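# Inside the fold
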Amino acid sequence: MNKNIKHLADIAEKGSRVIIGLMSGTSLDGLDVALCEIKGTGLETELSLKNFRTIAYDDEFKNSVKEIFSKKIIELEKLCLLNKWIGTIHAAMINTCLKEWGIGNNSIDLIASHGQTIYHAPKSLQQQKEFGNATLQIGDADHIAVATGIITLSDFRQKHIAAGGEGAPLAVYGDYLLFSKKGANRIMLNIGGIANFTFLPGNLNPALVFSTDIGPGNTMMDAFTQQHFPGEYFDKNAAIAKRGKVNMELLNALKENKFFQLPFPKTTGPELFNLGYLEDATKRAGITELSSADCMNTLNQFSADMIIDAINKNSKDVNGFGIYCSGGGMHNPLLMERLKKQLPDCKFYTTGVLGIDPDAKEAVLFAILANEAVAGDPNVFSSGNMPAISMGKISLPS
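Residues numbered from 1 in each chain as written. Predicted model: local features only at pLDDT ≥ 70, side-chain atom pairs only at ≥ 80, totals over all residues. Heavy atoms only, no water.

## Observations concerning the overall build of the protein chain
- The number of helices and strands found in the protein chain is 13 helices and 12 strands.
- Against the 2.2 N^0.38 benchmark of 21 Å for 398 residues, the protein chain shows a C-alpha radius of gyration of 21 Å, consistent with a compact globule.
- Seen along its three principal axes, the alpha-carbon backbone of the protein chain occupies a region of about 70 × 50 × 45 Å.
- Looking at the protein chain as a whole, 54% of its 398 residues are labelled buried.
- Taking as baseline every contact in the protein chain between residues at least 6 positions apart, the subset at least 24 positions apart corresponds to 70%.
- With an accessible surface of roughly 17300 Å², the protein chain has 50% of that area assigned to carbon and sulfur atoms.
- Here the protein chain holds 38 positive side-chain charges and 42 negative ones, and the gap between their average locations is 3 Å. (Helix = DSSP H or I, 4+ residues; strand = E, 2+ residues; numbered from the N terminus. Rg over C-alpha atoms; globule rule 2.2 N^0.38 Å. Buried < 20%, exposed > 50% of the residue type's maximum accessible area, 1.4 Å probe, protein only. Contact = heavy atoms within 4.5 Å. Areas by Shrake-Rupley, 256 points an atom, 1.4 Å probe, with all protein chains shown as cover. Lys, Arg positive; Asp, Glu negative; His and termini not counted. Charge placed at Lys NZ, Arg CZ, Asp CG, Glu CD.)

Spelled out as structure tokens, the structure:
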């Protein structure tokens, strides 16, 4: 038997596993590295977050990814080169973290790498029935496995699509295993580039677990900041938005898209919600002049309104629930103020009160997926919104 296969089998038989979860989002702010100890599987899963760090990307990394990110036409050579390059950079960042934490690479059982999304193409967006849903993440895991010496799982979204899903949101799997609690109806709201949420019923019925993308979270606000305020990557503390006011004509035009009429669950990405979308809405609204502050305030309200609308539509038959926030948007005070004001019957928390650093949550959830792929039973997921599958391709170190 190949020694790596035997090692993988031994890992699967262990009572607990040490897994590094990686997340690199569409905001391109950096690589989230979450060191987790995970005991058990399925609904018996217990996770302890031992260390966490976000390593910021430099301008070379950001600019290189932007050359191919969310674009229909790119240089194929650039895509080929970046697939390997990102993998080696992520591997170096993992090695740096382990050295700083004083932990040997041989102490880590698995790495779970989300990769870098460069294009998300659900059928509802690209309208090509013969191709169906598709998505692409790069940052090849073979390079991570070889450079770290650690078995690496990656490319999680493809199996979800193969099983009939859209490749997103995958947070529902980890949310269900980590955060479900008898007697507590919970909404796990993640406001990343795209906002999504998972509904966890207090009766623990997996058939009632529900997860969907909502629409823009930070992606349009971040893109607008980067275009109009060189050197800035996001509207820190909503400082720009707070100087302006909502333009109702633009807000109404932003909401006029067939995506918002599609039934839940659904997925989307910056391929739809981008600066081109903003430009088109501005023209349709008949706006010829608008201050940057007013535009940012309007984009902020747009994100808030669509989150509120989605939650209201999907929780109208549920009494009493808490909303547990994660993602970069939870740090936007104006956005959070609007959510709390328009959802007065909800109690807002971060996942920190449940024992998981909200900034680490997405990386943690991919560690959960790797744990389930190696040691779990996919039949624990029995909801139509959660195809009963194990996700992740396995890369061996040698």
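What follows picks up the thread again.
## What to know about the side chain of Ser 154
- Note that Ser 154 resides in strand S6 (residues 152-154).
- By relative accessible area, Ser 154 is classed as buried at 11%.
- Beyond its immediate stretch of four places on either side in the chain, Ser 154 contacts Ser 113, Ala 141, Gly 392 and Lys 393.

## Points about the sheet that holds strand S8 (residues 194-200)
- Spatially, S9-S8-S7-S10-S11 is the arrangement adopted by the five strands of the open sheet, whose pairing is mixed. Only two strands of the sheet have a single partner each, and these edge strands are strand S9 (210-216) and strand S11 (347-350). Across the sheet, the mean angle from the axis of one strand to that of its neighbour is 25°, orientation sign disregarded. (Pairing = 2+ DSSP bridges. Axes fitted to C-alpha atoms, helices over the stretch in contact; angles between N-to-C directions.)

## Side note on the nonpolar core
- In this structure, Leu 189, Phe 197, Leu 254, Phe 302, Ile 323 and Leu 339 are the most contacted members of the largest nonpolar core, which totals 47 residues.
- Look past the residues within four positions of Phe 302 in its chain and what remains in contact with it is Pro 216, Met 220, Leu 251, Leu 254, Lys 255, Phe 260, Phe 273 and Tyr 277.
- Counting 37 residues, the second-largest nonpolar core is a separate cluster that includes Ala 370, Phe 381, Ile 389 and Met 391. (Core = buried A, V, L, I, M, F, W, Y, C linked by side-chain atoms within 4.5 Å.)

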